[in-house]
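Residue strings, one per chain:
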Amino acid sequence: MGADLYLIQKNKKADYRNNSKENYYRDSYNDWNLLWKFGLDYWVWFKKLLNKDGILTPQKAQEVLDTLFAKEDIFNKNIESLPKDDQTYFEAKYVELRTFLSKAVSSDGVDCSI
């Protein structure tokens, strides 16, 4: 189980749910969950940002980016006691999410299965 986020690009003929790395982001619901390291979650905080169709609009994607940036101190504190390999994992996962959300800001939104 996890949060599955799909970048919507209506101008592309291919199905945007094709799970290609550039159009897809996944965060597991376990100890490897990135949002938890920011003190956030998908069920309350993230869900309230979605529209009635479960879409994160480009404007809300920017809001997520802004919130993550504002909470980087919490993220860093939460990973500092982890083994170096785990810290590296979460740092890379954060870069991956920021890259994904940056694309979402100039897309048709993000279809979210949480």
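To keep things clear, this report deals only with the structure shown in the data block.

1. Quick look at helix 5 (residues 84-105)
An ideal rise of 1.5 Å per residue puts 32 Å on 22 residues; helix 5 measures up with 32 Å between its terminal C-alpha atoms. If you check which residues of helix 5 are buried, you get Gln87, Phe90, Lys93, Tyr94, Leu97, Phe100, Leu101 and Ala104. For helix 5, the buried positions fall inside an angular range of 150° around the axis, keeping them on one side. For helix 5, the exposed residues lying more than 90 degrees away from the buried face are Lys84 and Asp85.

2. Some details on the environment of Glu80
With respect to the helices, strands and loops of the structure, Glu80 is situated in the loop between helix 4 (72-79) and helix 5. Using a relative accessible area of 56% as the deciding quantity, one classes Glu80 as exposed. As for Glu80 and Leu97, which are separated by 17 residues in sequence, their C-alpha atoms are 19 Å apart.

3. Observations regarding a nonpolar patch on the surface
On the surface, Trp36, Trp43 and Val44 cluster together to form a nonpolar patch covering roughly 310 Å² of accessible area. As for its position among the elements, Trp36 is in helix 1 (residues 34-37). On the basis of relative accessible area, Trp36 is assigned to the partly exposed category, the value being 34%.

The rules behind the values
Residues numbered from 1 in each chain as written. Predicted model: local features only at pLDDT ≥ 70, side-chain atom pairs only at ≥ 80, totals over all residues. Heavy atoms only, no water. Helix = DSSP H or I, 4+ residues; strand = E, 2+ residues; numbered from the N terminus. Expected span 1.5 Å × (residues − 1). Buried < 20%, exposed > 50% of the residue type's maximum accessible area, 1.4 Å probe, protein only. Arc of directions from axis to C-beta. Patch = residues over 30% accessible without salt bridge, like charges linked within 9 Å, V, L, I, M, F, W, Y side chains within 5 Å. Areas by Shrake-Rupley, 256 points an atom, 1.4 Å probe, with all protein chains shown as cover. Salt bridge = Lys/Arg side-chain N within 4 Å of Asp/Glu carboxyl O.

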